[in-house]
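Residue-level structural notes
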Amino acid sequence: MDEPALIRAAQNGDLEAFNRLVLAYQDALYNTALRILGDDSQAADATQEAFISAFRGLNGFRGGSFKAWLMRTVTNACYDELRRQKRRPTIPLEPVNEDDEELESRRWLADSSMTPAEKFEADELEHAIQHCLASLPLEFRTVVVLADLQGLDYAEVASLARAPLGTIKSRLARARLRLRECLQGFGELLPAAFRLERESP
Amino acid sequence: MTQAPSFRDAEQLSAYLDNQLSPVDRQRLEARLKDDTELRSLLTDLSQVRAILRNLPARKAPRNFRLTPEMAGIRPPLPRIFPVFRLASALAAVLLFFAFAANLTLPALSAFRAAMPAPAMQVAGPADRSAAPLAPSSSNAGVEAAPTASEAYPVPPAAPMAGHGIGGGPTGSDTALPQATAPAALLAPQALDTTPTPELRMLLPEATQTPEIPAAAETLTEPGPMAKSAPSDLNQPPPEAPQPEPIRAPVPAWLLFGLLGLAVVSGSTAYFLRARAEQVWFKTYALSPARPTAWQVGLFILVFLLVAALVVAIALLSSAGSYAP
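Residues numbered from 1 in each chain as written. Chains lettered and ligands numbered in written order. Predicted model: local features only at pLDDT ≥ 70, side-chain atom pairs only at ≥ 80, totals over all residues. Heavy atoms only, no water.

This part covers the overall build of chain A. The number of helices and strands found in chain A is nine helices and zero strands. If you list the helices and strands of chain A from N to C, you get α-α-α-α-α-α-α-α-α. Within chain A, the proportion of its 201 residues that are buried is 44%. Put simply, 59% of the contacts in chain A that link residues at least 6 apart link residues at least 24 apart. (Helix = DSSP H or I, 4+ residues; strand = E, 2+ residues; numbered from the N terminus. Buried < 20%, exposed > 50% of the residue type's maximum accessible area, 1.4 Å probe, protein only. Contact = heavy atoms within 4.5 Å.)

What follows deals with the overall build of chain B. When helices and strands are counted, chain B shows 14 helices and zero strands. Here chain B holds 325 residues, and the buried ones make up 31% of them. Within chain B, contacts between residues separated by at least 24 positions form 79% of all contacts whose residues are at least 6 apart in sequence. Surface summary for chain B: the accessible area is close to 20,300 Å², and the carbon and sulfur share equals 64%. (Areas by Shrake-Rupley, 256 points an atom, 1.4 Å probe, with all protein chains shown as cover.)

All names here are of chain B. When pLDDT is averaged along chain B, the result is 69; 55% of the residues meet or exceed 70. Mean pLDDT values for the elements of chain B range from 39 in helix 8 (residues 158–166) up to 93 in helix 1 (residues 7–17). Throughout residues 120–197 the model reports pLDDT below 50, and contacts reaching past four residues in sequence, or to other chains, amount to 68 contacts. Considering only residues more than four positions removed or in separate chains, one finds that residues 202–233, a stretch of pLDDT under 50, has 28 contacts. (pLDDT = per-residue confidence, 0-100.)

Before going further, it helps to examine the nonpolar core. The biggest cluster of nonpolar side chains holds 64 residues, and the ones touching the most others in it are F18, F66 and V144 of chain A. Among the elements that make up this core, the one with the highest residue count is helix 2 (residues 15–37) of chain A (13 residues). Here F66 of chain A is in contact with E3, I7, L21, Y25, L58 and F61 of chain A, once residues within four sequence places are set aside. A10, L13, A15 and L46 of chain B belong to the second-largest nonpolar core, a separate cluster that totals 13 residues. (Core = buried A, V, L, I, M, F, W, Y, C linked by side-chain atoms within 4.5 Å.)

Bringing the interface of chain B and chain A into the picture now. Listed per partner, the contact involves 43 residues of chain B and 51 residues of chain A. Taken together, the two surfaces of chain B and chain A that pack against each other cover about 4,500 Å², and 62% of this comes from carbon and sulfur. When contributions to the side of chain B that touches chain A are tallied by element, the ones reaching two or more residues are helix 1, helix 3 (37–54) and helix 4 (69–72) of chain B. (Buried area = accessible area lost by both parts, 1.4 Å probe.)

All right, on to helix 13 (residues 253–284) of chain B then. Compared with the 46 Å implied by 1.5 Å per residue over 32 residues, the 47 Å span of helix 13 of chain B between its first and last C-alpha is a close match. Among all positions of helix 13 of chain B, only L256, L259, L260, A263, S266, A270, L273, A277, W281 and F282 of chain B are buried. (Expected span 1.5 Å × (residues − 1).)

Moving on, we get to a nonpolar patch on the surface. Residues V297, F300, I301, F304 and L305 of chain B make up a contiguous nonpolar surface patch of roughly 540 Å² in combined accessible area. Inspection of the secondary structure puts I301 of chain B in helix 14 (residues 294–320). (Patch = residues over 30% accessible without salt bridge, like charges linked within 9 Å, V, L, I, M, F, W, Y side chains within 5 Å. Salt bridge = Lys/Arg side-chain N within 4 Å of Asp/Glu carboxyl O.)

If you walk through the whole model with that rule in mind, you get ten aromatic pairs over all chains. When the centroid spacing of 5.8 Å and the interplanar angle of 65° are considered together, the rings of Y25 of chain A and F66 of chain A count as edge-to-face. Here Y25 of chain A is found in helix 2, whereas its partner F66 of chain A is found in helix 4 (residues 66–87), with 41 residues between them in sequence. Taken as a pair, Y25 of chain A and F66 of chain A share a single burial class, namely buried. Aromatic pair F51 of chain A and F65 of chain B: ring centres 6.4 Å apart, planes at 35°, arrangement tilted. Note that F51 of chain A is positioned in helix 3 (residues 40–56) and F65 of chain B in the loop between helix 3 and helix 4, a pairing that runs across two chains. The two residues F51 of chain A and F65 of chain B agree in class, both being buried. (Phe/Tyr/Trp six-rings, centres within 6.5 Å; stacked < 30°, edge-to-face > 60°.)

Counted by the stated rule, this structure contains 16 salt bridges over all chains. A salt bridge links E126 of chain A to R35 of chain A; the shortest N-O distance between them is 3.0 Å. One end of the pair, E126 of chain A, is in helix 5 (residues 116–134); the other, R35 of chain A, is in helix 2, and 91 residues separate them in sequence. Per residue, the accessibility class of E126 of chain A equals that of R35 of chain A, and both read buried. One salt bridge in this structure joins R59 of chain B and D40 of chain A, with 3.4 Å as the shortest N-O distance. With R59 of chain B in the loop between helix 3 and helix 4 and D40 of chain A in helix 3, this residue pair bridges two chains.

Once that is clear, we can look at unusual backbone geometry. Phi angles above zero are rare outside glycine, and R162 of chain A is one such case at about 50°. Mapped onto the fold, R162 of chain A is located in the loop between helix 7 (154–161) and helix 8 (165–183). You can call R162 of chain A exposed: its relative accessible area is 62%. Positioned with a positive phi, N19 of chain B is a non-glycine residue whose angle comes to about 55°.

Residues and elements named next belong to chain A. Where helix 3 meets helix 4, the axes come as close as 8 Å, and the angle between the chain directions of the two elements is 130°. Taken together, helix 3 and helix 4 sit at an angle that is classed as oblique. Seen along the crossing, helix 3 lies across helix 4 with a hand that is right-handed. The residues of helix 4 that touch helix 3, namely those facing Q42, A46, T47, E49, A50, S53 and A54, are W69, L70, T73, V74, A77, C78, E81 and Q85. A per-class count over the contact of helix 3 with helix 4 returns eight nonpolar, five polar and two charged. (Axes fitted to C-alpha atoms, helices over the stretch in contact; angles between N-to-C directions. Parallel < 35°, antiparallel > 145°, perpendicular 65-115°, else oblique. Left-handed = near helix turned anticlockwise from the far one by under 90°. Nonpolar A, V, L, I, M, F, W, Y, C, P; charged D, E, K, R; others polar.)

In this section: the packing of helix 6 (residues 138–149) of chain A against helix 3 of chain B. At a closest axis distance of 9 Å, the pairing of helix 6 of chain A and helix 3 of chain B adopts a crossing angle of 75°. With respect to their mutual orientation, helix 6 of chain A and helix 3 of chain B come out roughly perpendicular. Across from V144, A147, D148 and L149 of chain A in helix 6 of chain A, the residues of helix 3 of chain B making contact are R50, L53 and R54 of chain B.

Residues and elements named next belong to chain A. For chain A, per-residue confidence averages 82 on the pLDDT scale, and residues scoring 70 or more make up 76% of the total. Here residues 103–112 scores under 50 on pLDDT; set against residues more than four positions off or in separate chains, the count is 21 contacts. Across residues 195–201, confidence stays below pLDDT 50; counting only partners more than four residues off in sequence or on other chains, it has 14 contacts.

Set out below in structure tokens:
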């Protein structure tokens, strides 16, 4: 995929070219929205909104990382969605039991390549991570999602969050510390998670 | 030396994990890590958190987020000549509206104005009375009798005559005064035979015995033939008011038909140009063309009926040729 050529064509109004870029980035944008918002349908809406506003504002893209530019649009769409939620709070329609716990997770059915045991484990771990992410303040959550989940560097995150580099470093450290504390509460899941390959600096 | 790490240490460790420390800070931190077990433990924890997040399996997008032309706000490219037809259709429709409205309203308005003087003559009675004192002093008795007589004998012939010939203005009342008052005074005894009031008995002989009234009126106002013949017509039924001239519509029918044709033809051409452009557009993006909605069908029928009604209305009005009041 010749990304610069597709971007130029899309800037000239070629919708097909833009849709090829959509196919390339839709998973990344959806996952970002999902981790920030914590809800499948809201994440899908925010992703669609992000692509629409990206196409309309494509002439504002002046080069650099296109992925980072798209991440900014999806982050803005997530903020809009959260503002809407604040104005009109809704009650989720997920089935719950008497203890107010979800009866059936839709995430359970998401990936068919895992065995049921793996699915269960992954689902539970994902639940735990999502729970801990949701407990973070929004600005910390955004930074940790962009840096650790999407792999953007500090400069890109700083540009995207419109914050100085030092602020991004500080927010990321605080977010990781809080996540550590939160994840320690899911002790039975962590051993499997901590068997993951350790990354050396 | 083991000391509980500060937030500043955690920040340095976090940046160290991401290779965001300067070489000097990096060397200093690595030197501390060799001796500080607490710091190493914190580094391990932060590294594990980072690894968990980075290894979290990415979810597949639940659906395709490709944009449709509608989402992107893109409309099919229309031919360059499309706006010309659209503008022509709109202009013709507007002109047709005003021309048709002018044809309907102006003749009716003119007819209404033409009909106005007849009722105005009823107002001319009091005008006569007010004009009476202005008559010469030699005919005082006759003039004083005139209002009473004209009230007792309404003079129908004066209305159409004044209505068409003069128009009921101040000069009209001057000329009408001798017609209305003098004959009425002459006829008054016949009508007053049954109820002669003392005042009338005093006035009427004077009126009948003053032959200079018509003469004085003639010398004062030089009455035309109508005034001269008026006394002889009094015993005859009032002549019928002449039918006013038919008022023609200001815009000819051929122009209305031309405007209607232009509006319909250019509008249809613009519609078909757009439809053809949309077909090409839908093929390009492999979209299924939108089916016409109920209100679109209703609008089409309404426009068709409106055009048909206009054709009938113009034809009827043009066959009539004019508008009678």
